[in-house]
Amino acid sequence: MTTTLRPTEPLQRTADGSRSRHYTVCVNSRPVGSLHLATHPVFGPSVAQLRDLRIDERDRGRGRGTVAALAAEEVARGWNCRRLEAAVPADQQALLRLAGALGYVERNRNMAKTLPARPPALPEGSVGRRMTEDEFGPWLDRAKEHYARSVAQRGAMEEDARLKAERDHAALLPEGIATPDVFLGVLEHDGERVGTLWVAQRSDGGYVYDVEVAPDHRGQGHGRSLMLLAEADSIAAGATRLGLNVFADNTPAQRLYESLGYEPTLYHLYKQLL
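Residues numbered from 1 in each chain as written. Predicted model: local features only at pLDDT ≥ 70, side-chain atom pairs only at ≥ 80, totals over all residues. Heavy atoms only, no water.

A. Quick peek at the overall build of the protein chain. For the protein chain, the helix and strand inventory stands at six helices and 13 strands. In terms of overall dimensions, the protein chain has a C-alpha envelope of 70 × 40 × 30 Å along the principal axes. A buried classification covers 45% of the 274 residues belonging to the protein chain. Here the contacts in the protein chain between residues at least 6 apart in sequence split such that 62% fall between residues at least 24 apart. Accessible area of the protein chain: about 14800 Å², with a carbon and sulfur share of 49%. Across the protein chain, the centroid of the 35 positively charged side chains sits 10 Å from that of the 36 negatively charged ones. (Helix = DSSP H or I, 4+ residues; strand = E, 2+ residues; numbered from the N terminus. Buried < 20%, exposed > 50% of the residue type's maximum accessible area, 1.4 Å probe, protein only. Contact = heavy atoms within 4.5 Å. Areas by Shrake-Rupley, 256 points an atom, 1.4 Å probe, with all protein chains shown as cover. Lys, Arg positive; Asp, Glu negative; His and termini not counted. Charge placed at Lys NZ, Arg CZ, Asp CG, Glu CD.)

Pasting the structure below:
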């Protein structure tokens, strides 16, 4: 039997070079699933996203998904893409195994935790407070610079990465330190500033955008204290869930979050196309 991709629409193209197309996955012309392939909205036409791959339940376990994913790679190569990315929910173990077998590797993952009813206490000597206006400006400059570097490392041009950092921070912090439902905090230990925190309340619960321990104070448990501060702020705001993102190469942070009860919810994977 032959598994193929059959387009269900003309190739969608925009003036900036973006492409998108939906396909039906077929076996000997019989529809068995669907697939959506598109170029990345941030990293441009050289990076493709496998946005959706579904195989009908009765046809699973027969290699249909594997062949469809490989066919999508060939389409992406025909679009002159150098990288293919995909996001897989943590509970989709079959898709994760398929992605691993096809050579996809993890770049980052989303994690989340159901919050307790009562806010956790900080360790003795540690106190959390709101960031001051004088502290906000230097913190924002560092946050945007760090974010721009991480975007550039994924393949974006430096100028585009800086523009994205400016846009995203402006959208998430439209009123700066006074943005509603946002806590920009400072952790002090024995009277000394040791770290900063950015947590926001969204429709699906709290979300930690940034945790940073000062270089001279790392390895002393302050990262855990900052996360406890994020949980306390979210509980006080009425949230029952707290989420975050962590990169695959940040093993210490992953271990910290796991020790606090956070579990993966979504894996972000990529594969270089030779």
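B. Structural context of helix H4 (residues 158-172). Between its first and last C-alpha atoms H4 spans 21 Å; for 15 residues at 1.5 Å apiece the expected length is 21 Å, and the two agree. Ala161, Lys164, Ala165 and His169 are the residues of H4 that are buried. Looking straight down H4, one finds that the buried residues subtend no more than 120° of arc, so they occupy a single side. Exposed residues on H4 whose side chains face more than 90 degrees from its buried face are Glu159, Arg167 and Ala171. (Expected span 1.5 Å × (residues − 1). Arc of directions from axis to C-beta.)

C. View of the environment of aspartate 190. With respect to the helices, strands and loops of the structure, aspartate 190 is situated in the loop between strand E9 (182-189) and strand E10 (192-202). Taking the C-alpha atoms as reference points, aspartate 190 and valine 127, 63 residues apart in sequence, are found 8.3 Å from one another. At 3.5 Å, the side chain of aspartate 190 forms a polar contact with the side chain of histidine 189. (Polar contact = N/O pair within 3.5 Å; in protein donor to acceptor, adjacent residues only side chain to side chain.)

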